[in-house]
Amino acid sequence: MSTVIPPAPEEMLEKIRQQFNEAPYPNVPLEQSPLGNRELLYNHSLITAYYRREQKIVSTTDKLILDVGCGSGYKSLTLAGANPGARVVGIDISEASVDLSQKRLAHYGFENSEFHVLGVEDLPQLGMQFDYINCDETLYLLTDPVAGLTAMREVLKSDGLLRVNFHSSLQRHLHHQVQEFAQMTGLMDESKETSISLLREFMASLKPQVTAKAKIWNQQCKTNDGLLLANHLLRGDKGWTIPQFFAALRDASLEFVSMVEWEKWDLLTLFEDIEEVPLGIAMALSTASQEEQLHIFELLHSQKNRLLDLWCGHPDAGADVGASPLEDWTPSQWQQSRVALHPQVATESLLQALSQAASSNTTVDLNTVFDRSDSPVLINGLLASCLLRLCQGPALFAQLKAHWKQICPFNFFDLTATTDHSAYEAVRAELIPLVELGYLFVENLPEEK
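A few points on the structure. (Residues numbered from 1 in each chain as written. Predicted model: local features only at pLDDT ≥ 70, side-chain atom pairs only at ≥ 80, totals over all residues. Heavy atoms only, no water.)

Some remarks on the overall build of the protein chain
Per the secondary structure count, the protein chain includes 18 helices and 13 strands. Relative to the compact-globule value of 22 Å for 449 residues, the protein chain shows a C-alpha radius of gyration of 24 Å, a close match. With respect to the principal axes defined by its C-alpha atoms, the protein chain has extents near 80 × 50 × 40 Å. Within the protein chain, the fraction of its 449 residues that count as buried is 48%. Contacts in the protein chain between residues far apart in sequence, at least 24 positions, make up 77% of those at least 6 positions apart. A distance of 3 Å separates the average location of the 34 positive side-chain charges in the protein chain from that of its 58 negative side-chain charges. (Helix = DSSP H or I, 4+ residues; strand = E, 2+ residues; numbered from the N terminus. Rg over C-alpha atoms; globule rule 2.2 N^0.38 Å. Buried < 20%, exposed > 50% of the residue type's maximum accessible area, 1.4 Å probe, protein only. Contact = heavy atoms within 4.5 Å. Lys, Arg positive; Asp, Glu negative; His and termini not counted. Charge placed at Lys NZ, Arg CZ, Asp CG, Glu CD.)

Below you can see the structure in the form of structure tokens.
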């Protein structure tokens, strides 16, 4: 056994290509569809990403979407299902993966798609500019991730959005250590079957309290070959911290927009009571930049997120959209706004739950029908009645306010009549948390001339 000497970039690329030709990722049967998984579709929707930056609702019809590192096509199929009317283009360095992707989308009838055996650095050869680029579980395998980001930026439209992720070095460190061990002992150079068999024999020989076995080895590892190949035996795997990721974005002339699962990166959710935080620390947290707050989150709770998963785009792409926190909107802005449910949220199960709550004047937890929060999201009968209107399509805020006055004509506590202002305050207060969690959109419409 000797010190590991990193392979040359060309050699590493070939090893990675061989790995995914032998075992295209993810190893999901053709018959297993993501199209019923609303949460997965939500995170792959251009609508979700676009609203996070622009505070506007966009149509996906005729949009051009690129799936970088399309693998076996499972995420390409997800992108096609999440973005109706869009054209999906996929690239991968693995010929076997591209072939599977083509077969998968054809199997589900998505003919408006194409796939190419191509490296990220060769993207300009396609001669296309994309509205949305999905680079999922791929960037951390590139020899030069910044060069990969730069290549994707070059084929991203000026107002386009890029979804990209990298393994968290803080959360992933034990897997990286086992990968280094496998490299040192020659496991990475064996055939797929041999390396898996030898790793399982070796892990069985370890005492239960050994860290690598106690922390990242479970029952699934004993039977799921794909799990081992994508984790313990993954070639080329790397990790970053938030500051390293943000530095890479700057080096590639890209600008951070939002974490994909932003609600899982909320620093305030880590505290029992923010009022109990020592004043000096609380002041430091309140003045920290977005990057610093995200880094503090990962330092305090690194086991929460395996991926640093984010959206980014060209610098200042969203600078002229007039987006501002809803708390800062004026009454006239609210009056001139439109409210809509996210398309992936507006399900038949949501309709039934809201109908039950509205008719019986009881509460419903939105997490039971669409999980967006670690805490219950309770909707009372009054709000459920308003949201039922949105199940039929978008509505003006003014219409929801009028509906509120109709179903709640007086204050239950002092029996005073509900005024326009009190209805405005009530509806506004109910909508803002649901927008922050991503259930709803509130879009400010241009004033009529």
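After that view of the structure, there is still more to cover.
Looking at helix α17 (residues 397–407)
Turning to α17, its buried residues number three or more, namely Phe-397, Leu-400, Lys-401, His-403 and Trp-404. Taken down its axis, α17 places every buried residue within 160° of arc, on the same side. Contacts from the buried residues of α17 go to α14 (331–335), β9 (337–341), α16 (381–391), β12 (395–396) and α18 (420–436). (Arc of directions from axis to C-beta.)

Focus: the nonpolar core
Across soluble globular proteins, nonpolar side chains have a tendency to be buried as a group. Leu-66, Leu-139, Leu-149, Met-152, Leu-162, Val-164 and Leu-440 are the most contacted members of the largest nonpolar core, which has 111 residues in total. Judged by nonpolar contacts, the second largest core, of 16 residues, contains Leu-199, Ala-212, Leu-228 and Leu-229. (Core = buried A, V, L, I, M, F, W, Y, C linked by side-chain atoms within 4.5 Å.)

Points about the side chain of Asn-165
Relative to the helices and strands, Asn-165 is located in strand β5 (residues 156–168). Judged by its relative accessible area of 0%, Asn-165 falls in the buried class. Of note is the side chain of Asn-165, whose polar atom sits 2.8 Å from the backbone nitrogen of Glu-137. At 3.1 Å, the side chain of Asn-165 and the side chain of Asp-309 are in polar contact. Excluding anything up to four places from it in sequence, Asn-165 contacts Cys-135, Asp-136, Glu-137, Thr-138, Leu-139, Tyr-140, Phe-245, Leu-307, Leu-308 and Asp-309. (Polar contact = N/O pair within 3.5 Å; in protein donor to acceptor, adjacent residues only side chain to side chain.)

Considering the sheet that holds strand β13 (residues 440–444)
Each strand in a sheet pairs with another by means of backbone hydrogen bonds, the pair being arranged parallel or else antiparallel. Here three strands make up an open sheet; going across it, the order is β12-β9-β13 and the pairing antiparallel. With partners counted over all chains shown, the strands left at the sheet margins are β12 and β13, one partner each. As judged from the two bridges shared by β9 and β12, these two strands associate in the antiparallel manner. Each bridged residue has a counterpart across the sheet, and for Val-339 the counterpart in β12 is Ala-395. (Pairing = 2+ DSSP bridges.)

Observations regarding the packing of aromatic side chains
All chains considered together, the criterion is met by 13 aromatic pairs. Members of the aromatic cluster, connected to one another through ring pairs, are Tyr-140, Phe-166, Trp-240 and Phe-245. When the ring centre of Trp-262 is taken as origin, the NZ or CZ atom of Arg-52, which lies over that ring, is 3.9 Å away. Looking at Arg-372, its charged tip hangs above the ring of Trp-262, at a distance of 4.8 Å from the centre. (Phe/Tyr/Trp six-rings, centres within 6.5 Å; stacked < 30°, edge-to-face > 60°. Lys NZ or Arg CZ within 6 Å of the ring centre and 35° of its normal.)

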